[in-house]
Amino acid sequence: MYNAHYFDESNSRSFELPGARPHYNPDRPGQVEHIALDLALDLDNQVCKGTCEIQINPIRDGVDKLTLDAVSLQIQSVKVGKSKQDYDYDGEQLHVRLKQPTTAGKPIKVAIAYRLEQPQRGLYFIGPEEHYPDKPVQVWTQGEDEDSRFWFPCFDYPGQLSTSEIKVRVPQQYQVVSNGELVSTTEDGDHKIFHWHQKQVHPTYLMALAVADFDVIQDQWQDIPVTYYVEKGKKDQAQLTMGKTPQMVEFFSEKFGYRYAFPKYAQVCAADFIFGGMENTSVTILTDRCLLDERAALDNRNSESLVAHELAHQWFGDLLVINHWSHAWVKEGMATYSEVLWTDREYGPDEAAYYRLGEARSYLSEDRSRYRRPMVTHIYREAIELYDRHIYEKGACVYHMIRTALGDELFWQAIHTFVNDNAHQTVETVDLLRAIDKATGHNLRPLFDQYVLRGGHPDYKVAYSWDGDSNLAKLTVTQTQAKDGDTSSTSGLFDLKIPLGFGFVQGKQVDVKTFKVRIHEREQSFFFPLEKKPDFISFDVGNHHLKTVELTYPVAELTAQLQHDPDPLSRIEAASALAQKANLEAIAALSQALENDPFWGVRAEVAEKLAEIKLDQASEALFKGLKDEESRVRRAVVSALSDIKTQDSYKALKGIVEKGDPSYYVEAAAIRGLGKVAASDLDGKSREKKALKILEDILSDRPAWNEILRSAAIGALSQFKTSIDALDLVLKTTAPGVPQALRLAAIRALGPISKGQSKPDIERILDRLDVISRESFFLTQVSVVIALGSMETSRAVSVLQSLAEHTPDGRVRRRAEEAVKKVQKAIGKDAAVKKLQEEIDDLKKANQDLKSRLETLEAKSKS
């Protein structure tokens, strides 16, 4: 499952919220061998009715009661064979009292007739509405984590694997896609019955169906059909977005050491889908928001990564099924790491390294601002809470560290062993460790103990000095996350072997001499005899370990590292350290890198760092980056100029907004930046009126892919925190009927724009959010939580609490509860502290010009 992490970081440190408890798989009365659904869908009235037949092979004699998960279903009858069975149903579980107790090894078939109307989870009916009359008619399912119980009775946990089949009756014009092979399509008057059969075992959460009047693109990998299903009229977008799938199937079959295991691979793009994607066995459902047009495809690789992620799950998640939700990192971590693997294959090692850095940063952000937890934990309220950046992005980083520890050859031997030994079975974390030991003889329990079974990561501070008399390099490494003097098992210290590199530059040739050292104490100093002074130092050569690093090297060594280190991530670390120096030498080095670094990712990072240096010379260097051929660099430069807030930056941004850019993303960044700069005081001249007119025009006449440009205009409007005109435009855009992506952006914008509004206007905002919070769509509720979470009023708490109480979605509930804490903390801030901060900000601004002039004078005096 690809879970887009929609939340505002609220600095809530405890993962375990009130009500969290240990969760275990239930006792098994027997092994489920087969599940057969025979369903009829009434799309107009949003009704599903039919039967669910479950074949169970009892493990023991004498079982006289079966307990199945079944939520909000209308149970009509329960039979074993032809014999009706008594049952009790409380709306959540179906308790079947068997007239004939079980005999071990003698299978029984339990047939349950049921009906559901206007379901809220599990099975989703999509179609035209009053405010969205053009919405397509679709039906689709979403089972993970425990939502299959909302559309058919089952033992709804991942530890039970069985074969399955689904028969679905729908009107003639619609198609049905499901797991496995299409056995038959039967005419039934003005309806059709589609019969799909999944012959390989899988869990209930991976059973799925999708119904619509699709456009279909048929592709192929060897003898495996590869099919793309999209809304009518979107064939071109489907090919653009998913066209690399056959190559990916080939790639992952080879990488994982196991040929694609299922009879077909289908991808369905669904309207209003609540995740990025879901890896149902042989039939992935994706959000239709992933479909690209040609302009979006210029620099959007997110959709390609989504396709790779979900496909990788066909091995890690579907072929190998986790036995319990607490081990979800095993599948989600590898699916996320597979995005890195595919990036490496398609775009090269620098791109892959930079992608991996993004994953590390995503986890680090959650760890820093939200909570820290072990990757494996069975203590939670709802399993969906586990689907966070710890199991996705940190999980990917852990797989990469396993690869680093073993080396490429042994790593892939271990993965092949893991997959082949456990194919079509359930796995836990220990099974991965056992496969590693079996294939390589290596015991990686120390690595797992530190990164998987406890929370956190090392935070290193690295200092360097050179003794020219002795030709000794000294590196002092401090683990700042650990308390000084504490060496206990709970100290937070990490024990890792880190490669340290010393770089020597001779013309165009760069030689890096590497030493591997064990870092296991809070502070350690290492001495290295070298033939001569190194030009640069590379801590953790290749940057393969999950960590944070603060480099306190001299400017000369950092400059050489930025210019010559072969590793782009190491060059990025040097750029960060240079930005902390904030002097003209640092600006010169960063400016040169912005123009000359061969990798776009480094140039983009350098642009961000230049914006952090509050000197005029840094600002001047940025403007050259607007001419970069790589759109992702131009986007970074535009975002950096948005933080500088000068007349020159306003003029540059306004020019891009008016003339456009080949990239949607660059143009959108310029629109947002225009709002940020125009909302500030530029030498006492207000640009507000002109900027609002530009933004209003964009809202009126600049539709684009996924509403990316008009959503940027809404983001820009949210910067005008005292403007009633801006607020009116944002509120107007939250109305039903506004395109969904644009409306969600406007809902989220109500939070930041509220900061400077009058009390009556804040009440208008809260009234609107209160009404919207009662809507059922997941993304709408998340947007409401984000908006309310950035406000500072007790009524925001009330709306959040109400939303947390009535939402059926555990993710929304948790986000709302975390937002409540954030708002309460904001309300409790001392007003005097706020006033003092404002005064400090004014002083910083006043000193900026003076500092810039002093730096210029110093430079002239040295020349």
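Throughout what follows, the structure given in this document is the object of discussion. Quantities reported herein were computed from a predicted structural model and do not represent experimental measurements.

Interaxial distance between helix α4 (residues 329–347) and helix α6 (residues 390–406) falls to 7 Å at its minimum, and their mutual angle equals 75°. By the angle between their axes, α4 is roughly perpendicular relative to α6. Of α6, the residues touching α4 (which contributes W329, V330, E332, G333, M334, T336, Y337 and L341) are I391, Y392, E393, G395, A396, V398, Y399, H400 and R403.

Our next topic: the side chain of S162. Examined against the element boundaries, S162 turns out to sit in strand β12 (residues 162–171). When its relative accessible area of 4% is taken as the criterion, S162 is described as buried. Once you skip the residues sitting within four places of it in the chain, S162 turns out to touch V32, E33, H34, I35, Q200, V201 and H202.

Here R571 is to be found in helix α11 (residues 568–581). Put simply, R571 and V606 are 35 residues apart on the chain and 9.5 Å apart in space, counted from C-alpha to C-alpha. In this view, R571 contacts Q561, L562, D565, P566, D597, P598, F599 and V602; residues no more than four positions away in its chain are not counted.

The omega torsion of the bond from E144 to D145 falls at 5°, within 30 degrees of zero and hence cis. Inspection of the secondary structure puts D145 in the loop between β11 (138–141) and β12. One non-glycine residue, Q46, lies in positive phi territory at about 55°. Locating Q46 in the fold gives a position in the loop between β2 (30–42) and β3 (47–58). Assessed through its relative accessible area of 28%, Q46 is described here as partly exposed. The backbone of D540 sits at a positive phi, close to 60°, despite the residue not being glycine.

Membership of the largest hydrophobic core comes to 279 residues, with the highest contact counts inside it found for W329 and I402. Among the elements that line this core, the one with the most residues is helix α17 (residues 664–678), at 10 residues.

Right, let's get into the sheet that holds strand β5 (residues 74–80). Ordered in space as β6-β5-β9-β3-β2-β12-β15-β14, the 8 strands form an open sheet in which the pairing is mixed. Sheet topology places β6 (83–84) and β14 (181–188) at the edges, where each strand pairs with a single neighbour. Direction of pairing for β12 relative to strand β15 (residues 191–202): antiparallel, over a ladder of 9 bridges. For E165, the partnering residue across the bridge sits in β15 and is H197.

Oppositely charged side chains can pair when the atoms bearing their charge come close. Per the stated rule, a full pass over the model turns up 58 salt bridges. A salt bridge links R345 to E346; the nearest nitrogen and oxygen atoms lie 2.6 Å apart. For R345, a relative accessible area of 43% translates into the label partly exposed. The partner of K755 in a salt bridge is E792, with the nearest N and O atoms 3.8 Å apart. Taken together, the residues span a long stretch of sequence, with K755 in the loop between α21 (740–753) and α22 (759–772) and E792 in the loop between α23 (778–789) and α24 (794–806) at a distance of 37 residues. Within this structure, E366, R370, R381, E385, R814, E817 and E818 form a network of salt bridges that share partners.

What the 3 strands build is an open sheet, ordered β28-β27-β30; its pairing is antiparallel. Each edge of the open sheet is held by one strand with a lone partner, namely β28 (509–519) and β30 (536–539). The mean inter-strand angle of the sheet, taken between neighbouring strand axes irrespective of direction, is 20°. Sheet topology note: the strand β27 (residues 496–506)/β30 ladder contains 4 bridges and is antiparallel. Residue G503 lies in a different strand from β30, and its bridge partner there is F536.

All right, on to the side chain of R121 then. Note on placement: R121 falls in the loop between β9 (108–117) and β10 (123–126). With a relative accessible area of 18%, R121 lands in the buried category. Of the polar contacts made by the side chain of R121, one reaches the side chain of D147; its length is 2.7 Å. Within the structure, the side chain of R121 is placed 2.6 Å from the backbone oxygen of P808, a separation counted as a polar contact. R121 has contacts with D147, F150 and P808, leaving out every residue within four places of it along the chain.

What counts and what doesn't
- Per chain, the residues get numbers from 1 upward, laid out in the order the sequence is written.
- Per-residue local features are limited, in this predicted model, to residues with pLDDT of at least 70; the limit for side-chain atom pairs, both in listing and counting, is 80 or more; totals at the level of whole chains, interfaces and linings are taken over all residues.
- Note: side-chain values were computed over all heavy atoms of the structure, leaving out hydrogens and water.
- Axis geometry follows a simple rule: fit a line to the C-alpha atoms, using only the stretch in contact for helices, then measure angles between N-to-C directions, giving values from 0 to 180 degrees.
- A run of H or I in DSSP becomes a helix once it reaches four residues, and a run of E becomes a strand once it reaches two; helices and strands are each numbered from the N terminus.
- Angular relationships are summarised with four words: roughly parallel below 35 degrees, roughly antiparallel beyond 145, roughly perpendicular across 65 to 115, and oblique for the angles in between.
- The contact definition used throughout considers only heavy atoms, calling two residues in contact when any of these lie within 4.5 Å.
- We call a residue buried when its accessible area falls under 20% of the maximum for its residue type, exposed when it is over 50%, and partly exposed in between, using a 1.4 Å probe and counting protein chains only.
- Residues enter a nonpolar core if they are buried and are Ala, Val, Leu, Ile, Met, Phe, Trp, Tyr or Cys, with the set joined through side-chain atoms within 4.5 Å.
- Any two strands with at least two DSSP-identified bridges between them are counted as paired.
- Salt bridges are counted wherever a side-chain nitrogen of Lys or Arg sits within 4 Å of a carboxyl oxygen of Asp or Glu.
- Definition of a polar contact: a pair of N or O atoms within 3.5 Å, with one able to donate and the other able to accept a hydrogen when the atoms are protein atoms, and with sequence-neighbouring residues admitted only if both atoms are side-chain atoms.

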